[in-house]
Amino acid sequence: MKPDDICPRPQAQSVGSTEPLAEPIYLSSVYRCHDPAEADAILSGQQAGYLYQRDGHPNARALAEKCRLLHAAQEAAICASGMSALAAIVLSQLRTGDHIIVAEQLYGRSQRLLTEEVSRLGISVTRVDTCQAHAVAAAVTAPTRLIIAETIANPTLRVIDIAALADVAHRAGALLAIDNTFASPVVCRPLAWGADLVFESLTKIMNGHSDVLLGLVCGNSHCWGRVGEVLASWGLVGAAFDCWLASRGIGTLALRVGRANDNALAVAARLVDAPQVEQVFYPGLKSHPDHELARRQFEGRFGAMVTFNLRGGRDAATRFIRAARQIPFSPSLGELCTTLSHPQSTSHRGLSEAERQALGISGGTIRLSVGIESPQFILAGLDEGLAAV
Ligand SMILES: *Cc1c(COP(=O)(O)O)cnc(C)c1O
């Protein structure tokens, strides 16, 4: 199914002789059973139905189904946040004694979860540059069970070769889990390239309106056995109203992503020409080290994130941010409007200066999440900032 075909249509539910066209919200935390036999049948999974919201509810189901179709996955589940989706993967796939390989360039919280938190569970971790499949292969040891990387990494927007990593993982008898938050299924569908599990922060592009916190985990049946049990037992399920909002957001996903991607290309081109800018990182530019890979692996688009380094370091960034008043400094992404982030003071503040330098981040680095305004409006906002640098 194409992303355009995921309409916000509810599963039919009669109200009198007609049914609502828009999806209803089911806030009820508990359901009423007719008799013990029915409760038994639902709890044992023999009969479809709901009993208690922590075990599942119609709005999570409806949202999961849309995401499952978008990723052409066999299974999908909704979690309370992107972090709980990652937690669901760790808790359902790993046990004490296992070894995991994680990308060096990971979202900060994911890094913390996959180092400090999992090491408390007796799981060992090796961090490698996952842009180098041979480095990943070299890090494999007997108990390696899971490899985790991001489709497009923050903030230099490096792209990983999913098929190559899947090959390394499968030769080792391990699984490949991909964080697809920066791409969304409109730009990339990692399962089609051999990943076993995909997770996303639905908080970002998928919901698209900066008003919910939710996560997605999806994948194929061979590694799904424990996921439902883990979600219910660790209490990781997303709330009904949030699911309803995200489900509504996904109705415009293809339109939003298409428009934002077109705008991102225009923004990248403008930045390349700006004398105040030292370097531009965008996979859609021929100068990007992963441009060819992105052309091959993505669905004809390169995402809506554009990063650039200003000449003049942090002072230049401060002048840009203060002057570009149409572009809010909001360290997240995937909002309707264009926003910006300053990695040195936000997402990457926990790293040492040397670590940041190795990733290509300086005080002058700004990461844009390009929105769906008119290109003229966005470029005018950029120009305002650049004029002040
Ligand atoms: C935001 C984000 C997460 C975490 O998602 P939350 O919904 O904030 O918990 C994970 N990975 C990436 C790449 C993100 O941008």
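Just above sits the structure.
How each quantity is defined
- Residues numbered from 1 in each chain as written.
- Predicted model: local features only at pLDDT ≥ 70, side-chain atom pairs only at ≥ 80, totals over all residues.
- Heavy atoms only, no water.
- Helix = DSSP H or I, 4+ residues; strand = E, 2+ residues; numbered from the N terminus.
- Rg over C-alpha atoms; globule rule 2.2 N^0.38 Å.
- Buried < 20%, exposed > 50% of the residue type's maximum accessible area, 1.4 Å probe, protein only.
- Contact = heavy atoms within 4.5 Å.
- Core = buried A, V, L, I, M, F, W, Y, C linked by side-chain atoms within 4.5 Å.
- Axes fitted to C-alpha atoms, helices over the stretch in contact; angles between N-to-C directions.
- Left-handed = near helix turned anticlockwise from the far one by under 90°.
- Nonpolar A, V, L, I, M, F, W, Y, C, P; charged D, E, K, R; others polar.
- Pairing = 2+ DSSP bridges.
- Right-handed = clockwise from strand over helix to strand, strands pointing away.

(A) The overall build of the chain, seen in detail. Scanning the chain for helices and strands turns up 13 helices and 11 strands. Taken against the 2.2 N^0.38 rule, which gives 21 Å for 389 residues, the C-alpha radius of gyration of the chain at 22 Å falls within 12% of a compact globule. Each of the three principal axes of the chain carries a C-alpha extent, and together these read 75 × 55 × 35 Å. Evaluated residue by residue, the chain yields a buried proportion of 53% over its 389 residues. For the chain, long-range pairs separated by at least 24 residues make up 71% of all intrachain contacts whose partners lie at least 6 apart in sequence.

(B) Spatial organisation of the nonpolar core. Formed by 113 residues in total, the largest nonpolar core has its most connected members in I78, L114, L271, F320 and L368. Examining the composition of this core, we find that 7 residues originate from one element, helix α3 (residues 82-93), more than from any other. Setting aside its immediate chain neighbours within four residues, L271 contacts V277, V280, V306, F308, L368, L382 and L386.

(C) Molecular detail of the packing of helix α2 (residues 58-71) against helix α8 (residues 240-250). At a minimum axis separation of 8 Å, α2 and α8 run at an interaxial angle of 35 degrees. Once α2 is placed against α8, the crossing between them reads as left-handed. Taking contact as the criterion, the partners of N59, A60, L63, K66, C67 and L70 in α2 are, on α8, A240, C243, W244, A246, S247 and I250. A breakdown of the residues in the contact of α2 with α8 according to their chemical character gives 9 nonpolar, 2 polar and 1 charged.

(D) Representation of the sheet that holds strand β1 (residues 75-79) within the structure. What the 7 strands build is an open sheet, ordered β1-β7-β6-β5-β4-β2-β3; its pairing is mixed. Strand pairing shows two members of the sheet lacking a second neighbour, β1 and β3 (124-128), which therefore form its edges. For this sheet, the mean inter-axis angle between neighbouring strands, taken without regard to orientation, is 20 degrees. With 5 bridges joining them, strand β4 (residues 144-150) and strand β5 (residues 175-179) adopt parallel strand pairing. When the sheet's bridge partners are listed, I147 is paired in β5 with L176.

(E) Highlighting the pairing of β3. Pairing of strand β2 (residues 99-103) with β3 involves 5 bridges; the strand directions are parallel. When the bridges of β3 are listed, V102 appears paired with R127. Following the backbone out of β2, through helix α4 (residues 108-120) and into the adjacent parallel β3, one traces a crossover that is right-handed.

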